[in-house]
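Architecture and fold: a report
Next come the chains, spelled out residue by residue.
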Amino acid sequence: MASSSSSSSSGGSAIQIPTRLPLLLTPEAVLLPGSTMRASVDSPRNMQLVRSRLLKGTSLKSTIIGVIPDTSDPPSDLDALPPLHRIGTAALAIQVVGSNWPKPHYTLLITGLCRFQILQLVKEKPYPVADVEQLDRLEQFTNKSASEEELGELSEQFYKYAVQATSSDYQKPTLVEMLDMSIPAVAKLRRLLDNLPREALPDILTSIIRTSNQEKLQILDAVGLEERFKMTIPLLVRQIEGLKLLQKTRKPKQDDDKRVIAIRPIRRITHIPGSGEEEEEDEDHDDIVILEKKIRASSMPEQALKVCIKEVKRLKKMPQSMPEYALTRNYLELMVELPWNKSTKDCLDIRAARILLDNDHYAMEKLKKRVLEYLAVRQLKNNLKGPILCFVGPPGVGKTSVGRSVAKTLGREFHRIALGGVCDQSDIRGHRRTYVGSMPGRIINGLKTVGVNNPVFLLDEVDKLGKSLQGDPAAALLEVLDPEQNHNFTDHYLNVAFDLSQVLFIATANTTATIPPALLDRMEIIQVPGYTQEEKLEIAHRHLIPKQLEQHGLTPQQIQIPQETTLAIITRYTREAGVRSLDRKFGAICRAVAVKVAEGQHKETKPDRSEVTEGGVVLTVPTTPLCCRSQITEAKCMWGRSEFWECREHIAEDAKPDSINDTADLALPPEMPILIDFHALKDILGPPMYELEVSERLSQPGVAIGLAWTPLGGEIMFVEASRMDGEGQLTLTGQLGDVMKESAHLAISWLRSNAKKYQLTNASGSFDLLDNTDIHLHFPAGAVTKDGPSAGVTIVTCLASLFSGRLVRSDVAMTGEITLRGLVLPVGGIKDKVLAAHRAGLKRIIIPQRNEKDLEEIAANVRQDLNFVMTSCLDEVLNAAFDGGFSAKTRLDHFNSKL
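Residues numbered from 1 in each chain as written. Predicted model: local features only at pLDDT ≥ 70, side-chain atom pairs only at ≥ 80, totals over all residues. Heavy atoms only, no water.

Details of the overall build of the protein chain
Just so we agree on the cut-off: Helix and strand definitions here come from DSSP, where helices need a minimum of 4 consecutive H or I residues and strands a minimum of 2 consecutive E residues; each element is numbered from the N-terminal end. We call a residue buried when its accessible area falls under 20% of the maximum for its residue type, exposed when it is over 50%, and partly exposed in between, using a 1.4 Å probe and counting protein chains only. Note on contacts: a residue pair qualifies if any of its non-hydrogen atoms lie within 4.5 Å across the two residues. Accessible surface area values rest on a Shrake-Rupley calculation with a 1.4 Å probe, where residue burial reflects the displayed protein chains alone.
Across its full length, the protein chain holds 33 helices and 28 strands. Counting over 899 residues, the protein chain shows a buried share of 46%. Look at the contacts in the protein chain between residues 6 or more apart in sequence, and 72% of them connect residues 24 or more apart. Surface accessibility of the protein chain: about 45200 Å² in total, with carbon and sulfur atoms responsible for 51%.

Structure representation (structure tokens):
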């Protein structure tokens, strides 16, 4: 076989490869002479060859290795050497690249030189080495015409199919003619094929066109030139027919589809006609054409359309293997899906909107009034820019559900964006497409989700935005929420402007203290205070209880929760501004009742009698009640269920068999629903969590009740004071902020300056209250941080009670900021504070005079239950906090009464 390939040639001097070569086993590819490929080396045997031969070699011959295809199935990586293929390719290692991730390996760039045959395996470890015989001539050709004469007509026929057609075969396109010669890579391929010796064409074209490893292996084994040409011509014809079929399926109207693009000419000609990969590429090409049609029909602005058309042209010239191909296609698909001109028509029936809001939400009159105002203006002026409403209030008062009801009222799509914990501005503005894993921001993603450009966006928990090294998301929201700028909002991922002016943004927050002033300035603040007990009661029976019954599969015929029980849950098991905890309590009740109902439904047979334990006494209860002339005894079973018991004595004495038989067919009395009374409530929810402790806490001097505002609503706050011998130090405990500490120092300073006026003395009888006296002020609930100026009047009252020895009224609470001159300044959160005092059962509320206007927001029934005292100075505060006032005369009368 060697003689057939080593025929003499006068074309040049022969080049010989070494007679002994190290062998590199390639399990995934077949290297042919004249072709170049990259081979990954990770097996111990091949890695040892690279280290010992290629990395340490100094001469050219040391970089020549023998490449043998590993035909074992599966390829062997064990210590034992697999059977070696007889024919291999001598190759020159051009480049060696090493890496340690994900495991140590080398990547070789190798070029095939010629075929060889293994004569004898010299050694197997650490890598195989064999004596070889060169089969192909490896020469430096100088006389091209001589080599062409030796190859004969077979090579001419092959050359016509591949490169050049004669005049008679003009209608038959060649492989190269099907490529666009204006593309530099294709022109370079044409020049390469023209300059190569024709005997090298079968190997080189086989490595270029689409062939399997098995077909390449057959070409490698074809040592004779004539045999090699005969085997390669059918593969070449098959590739040409495949390209002709591909051209027929292209649409002639598309200019960009009449040519093979520059970067993919080699990949296009390597397809086997009818193979799955060619069909997949063809489908991808058709998808790009369809995508381009969708872009032109999407009615996007001109600027966005130009960008998309430019990206489509880049996509057509880009190979699918490039990572940027998928990124560009995803970008174009997003641009098509965005609702540039799609919108919903607003439902602007004000009466229907009012009814819908009233049905969905009880109370919240101020908020519903503002929503109806927006709808009315929208009805009169269609191009109204969406206002930025911000609902501020404690958790559980219905801020999010109101936003959903607004969308329902308008007939718009609703989308909620949770901003709690967001600390990256890219979540709002998107990531630039130069980054790996880039994506649009939450605003653009929300528009893609709803599919219209005028939805209702709820920006939930806007006060809980964070800040990090990735930027400030609150600052990124400035453009989104500014009605003068958001018509031209630019997401970093899109890099084109999108109009957000038709979007109705509604933000929610628990407090405005943590919202940056610039962002707060762009929003219209609507306070959503907590609910009164009466409002909670109405909400529970209108909304919460029916919702929980539906969620737990119960009906009103199976469970009844009277208003007295609901009121007990509100006052003794929950203490909140909203109704979220109240809703959870109803859920716990429904789960307990569901267990009882399920147990009753799964009783297959009822015994004649059952035993019920009540009060430690076992009672026998018949499961089938009998009717008799006497009064039937009714006994209470667990959780208010009634059972009719048999009057055994009367049946024994008066009942006749006939009468019993006559009543046997009578229907059973209907089963009464499970009634949730206070005993059932205690059994299900446990002992009450909150008890009234105001009178107990105010049973000694030096205690007063203040009113505080928190993001969770209003709270009552006790202030306690005590004095002891010392050096005039003031100790403050209870996790107080700087502002509250300053209020305490103001209070003690004012009392010291007015001690003679009110006849206040320390333990030694001195008007200097801190003379040899230490004062300790404590604010209970020490785990909770407290700050703010509104505790000033409470601290003064507490210290005045301590030094006077008089008790503060047990039904009074107060709030207000003080000055060093004894003035009372207004504070915020009056409604929440008043509701907290009302929940605690207090009757007299002391507030600053300038906060009187805030009482209009409080429900009339709450105002009727409370006595409000308006004060402008500390004298008025003290007179209202103590029975009989706090003047010097009343102070002396109190002292005399004690004597």
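Some thoughts on the side chain of Asp-346
Stated precisely, the cut-off is as follows: Pairs of N or O atoms within 3.5 Å make up the polar contacts considered here, provided that, within protein, one atom can donate a hydrogen while the other can accept it, and that residues adjacent in sequence are counted only when both atoms are side-chain atoms.
Within the secondary structure layout, Asp-346 lies in the loop between helix H12 (323-337) and helix H13 (350-360). Among the polar contacts made by the side chain of Asp-346, one reaches the side chain of Arg-412 at a distance of 2.9 Å. Look past the residues within four positions of Asp-346 in its chain and what remains in contact with it is Arg-378, Leu-410, Arg-412 and Asn-454.

A word on the pairing of strand E20 (residues 703-710)
The line we're drawing: Whether two strands pair comes down to DSSP finding at least two bridges between them.
Of all the 8 residues making up E20, 6 are buried; the element is thus mostly covered by neighbouring parts of the structure. Bridge count between E20 and strand E21 (residues 713-725): 8 bridges; the pairing is antiparallel. Bridge assignment links Ile-705 to a residue of E21, and that residue is Phe-718. Linking two consecutive strands that pair antiparallel, namely E20 and E21, is a turn of 2 residues.

Considerations on the packing of helix H11 (residues 302-316) against H12
Worth spelling out the cut-off: Only the stretch in contact is used when fitting a helix axis, every axis being a line fitted to C-alpha atoms; angles between N-to-C directions are given from 0 to 180 degrees. Here the angle decides the label: under 35 degrees means roughly parallel, over 145 means roughly antiparallel, 65 to 115 means roughly perpendicular, and every other value means oblique. It is the rotation of the near helix from the far one that decides the hand of a crossing: anticlockwise by less than a right angle makes it left-handed, clockwise makes it right-handed.
Their axes nearest at 10 Å, the elements H11 and H12 cross at an angle of 150°. One element, H11, and the other, H12, form an angle in the roughly antiparallel class. Crossing hand, H11 versus H12: left-handed. Side by side, H11 and H12 meet where Ala-304, Val-307, Cys-308, Glu-311, Val-312, Arg-314 and Leu-315 of the first sit next to Glu-324, Tyr-325, Thr-328, Arg-329, Tyr-331, Leu-332 and Met-335 of the second.

Focus on helix H15 (residues 399-410)
Filter applied, for reference: Between the first and last residue of a helix there are one fewer steps than residues, each counted as 1.5 Å, and that sum is the expected span.
A rise of 1.5 Å per residue sets the reference length of H15, with its 12 residues, at 16 Å; its end C-alpha atoms lie 17 Å apart and thus fit the reference within 8%. Every buried residue of H15 is accounted for by Lys-399, Val-402, Gly-403, Ser-405, Val-406, Ala-407, Thr-409 and Leu-410. The inward-facing, buried residues of H15 contact H13, helix H14 (365-380), strand E7 (388-392), strand E8 (414-418), strand E9 (456-460) and strand E12 (504-509). Looking one or two residues past H15, Gly-411 carries a phi angle of roughly 75°, positive in sign.

Some details on the nonpolar core
What counts is decided by this rule: Remark: nonpolar core denotes a set of buried residues (Ala, Val, Leu, Ile, Met, Phe, Trp, Tyr, Cys) joined through side-chain atoms within 4.5 Å.
Grouped together as the largest cluster of nonpolar side chains are 50 residues, with contacts concentrated most on Ile-443, Leu-477 and Phe-505. Counting only elements with at least two residues in this core, the list comes to helix H10 (276-296), H11, H12, E7, helix H17 (442-450), E9, helix H18 (473-481) and E12. In terms of residue count, the dominant contributor to this core is H12 (6 residues). Non-local contacts of Ile-443, meaning those with residues more than four positions away in its chain, are made with Ile-417, Ile-428, Phe-457, Leu-459, Val-480, Phe-489, Leu-500 and Phe-505.

Remarks on helix H6 (residues 201-208)
Summarising burial for H6: 7 of the 8 residues are buried, a large majority. What H6 keeps buried is the set Leu-201, Pro-202, Asp-203, Ile-204, Leu-205, Thr-206 and Ile-208.

Considering the pattern of salt bridges
What counts here: Salt bridge, as used here, is a side-chain nitrogen of Lys or Arg placed within 4 Å of a carboxyl oxygen of Asp or Glu.
Across all of its chains, the model carries 35 salt bridges by this definition. Its salt-bridge partner being Arg-115, residue Asp-136 comes within 2.9 Å of it at the nearest N-O pair. Here Asp-136, found in the loop between strand E6 (129-134) and helix H3 (144-151), pairs with Arg-115, found in strand E5 (residues 105-123); they are 21 residues apart in sequence, far enough to count as distant. Looking at Asp-136, the relative accessible area reads 11%, which means it is buried. In this structure, Asp-427 engages Arg-442 in a salt bridge whose closest nitrogen and oxygen atoms are separated by 3.7 Å. Taken together, the residues span a long stretch of sequence, with Asp-427 in helix H16 (residues 426-429) and Arg-442 in helix H17 at a distance of 15 residues. The network of salt bridges with shared partners includes Arg-115, Asp-136, Asp-203 and Arg-228.

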